[in-house]
Amino acid sequence: MPDDPPRSALPFPDPDLTDGTVLLRPWQERDTPQRYAAFSDELCQRFSWPHVEPITEAQVHAALADNERDRLAGASLNLAVVDPADPARIWGAASLYDVDPAQSRASIGYWVAPWSRGRGVATRSLRLLAGWGFGALGVHRLELTCGPDNLASARVAEHCGFVREGLLRSHLRFKTGRRDTVVFGLLPGELR
Ligand SMILES: CC(C)(COP(=O)(O)OP(=O)(O)OC[C@H]1O[C@@H](n2cnc3c(N)ncnc32)[C@H](O)[C@@H]1OP(=O)(O)O)[C@@H](O)C(=O)NCCC(=O)NCCS
């Protein structure tokens, strides 16, 4: 078995990723109130927050340091999705996580603020970050997971070329029980 490559900190994309309609940049301290307002909405809490108790502003604030620790450990990279015309305006988030340099693989996820949904923000963000993952990070597989009832998220994945690969039964603890997970995969050359 070859030795695993050493883990190094994940770089921030430089320059920031943008297609002119969305821009992905590092989170900043001053984003916390908007990040909290966005993520505490009903859909984010239903689909992206595994706990029963709603997220608190203190937890969102702590996420800033957690995100940086995980980036420095080479495990994940969490970016704010913002309005390119006003980069202080938060539209959502996109992240690479479970980054595995030994297997050249990563997972990818996103959420969008209720005030920014339904106009392609998630699809554009996913496309940008997936392209950067294949290019700058050189991963050979991206995985995306969602709950079976998260039809909007599945639609976003399919828009970008992700292939529905299967259903992981009783995959994780979620709220008061266990949840199945739909798994999608994307290989270089399949991104749309
Ligand atoms: C899923 C989510 C990120 C989509 O963000 P968005 O910016 O509105 O997504 P887009 O505009 O790029 O595309 C959404 C697609 O889903 C479709 N859609 C939206 N709600 C839907 C629903 N309830 N059922 C089926 N399709 C739906 C839209 O019509 C669109 O498809 P279309 O372009 O073919 O019309 C957003 O709803 C969200 O943040 N949800 C809560 C958190 C979450 O689920 N995150 C993902 C966890 S895996």
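Residues numbered from 1 in each chain as written. Predicted model: local features only at pLDDT ≥ 70, side-chain atom pairs only at ≥ 80, totals over all residues. Heavy atoms only, no water.

**A closer look at the site of the ligand**
- Lining the immediate environment of the ligand, one finds 23 residues, of which Val112, Gly118, Gly120, Thr123 and Asn150 sit closest.
- At a separation of 2.7 Å, an oxygen atom of the ligand approaches a polar backbone atom of glycine 118.
- Taking histidine 159, its side chain carries an N or O atom lying 3.0 Å from an oxygen atom of the ligand.
- For the ligand, the protein covers 71% of the area, taking 960 Å² as the surface of the free molecule.
- Looking at the shell around the ligand, the elements with two or more residues in it are helix H2 (42-47), strand S5 (105-112), helix H4 (121-137), strand S6 (141-146) and helix H5 (151-159).
- Of the residues forming the shell around the ligand, the biggest block, six residues, is contributed by H5. (Near = heavy atom within 4 Å. Polar contact = N/O pair within 3.5 Å; in protein donor to acceptor, adjacent residues only side chain to side chain. Areas by Shrake-Rupley, 256 points an atom, 1.4 Å probe, with all protein chains shown as cover. Helix = DSSP H or I, 4+ residues; strand = E, 2+ residues; numbered from the N terminus.)

**Describing the environment of proline 148**
- If you trace the backbone, proline 148 turns up in the loop between S6 and H5.
- As a C-alpha pair, proline 148 and alanine 80 span 68 residues in sequence and 26 Å in three-dimensional space.
- Residue contacts for proline 148: discarding those within four places in its chain leaves Leu167, Asp180 and Val182. (Contact = heavy atoms within 4.5 Å.)

**Regarding the layout of surface pockets**
- Here the second largest pocket defines a volume of roughly 170 Å³.
- Taken together, 16 residues line the second largest pocket, and the ones lying closest to its centre are Ser8, Leu10, Val99, Pro101 and Leu137.
- Among the secondary structure elements, those contributing two or more residues to the lining of the second largest pocket are strand S4 (86-100) and H4.
- The class makeup of the residues in the lining of the second largest pocket is nine nonpolar, four polar and three charged. (1 Å grid on protein atoms, 1.4 Å probe; cavity = no way out; pocket = protein on both sides within 12 Å on 5 of 7 lines; lining within 4 Å. Points joined across faces, edges and corners; volume = space filled by probe spheres on them. Nonpolar A, V, L, I, M, F, W, Y, C, P; charged D, E, K, R; others polar.)

Remember, this is a structural readout, not a statement about activity or role.
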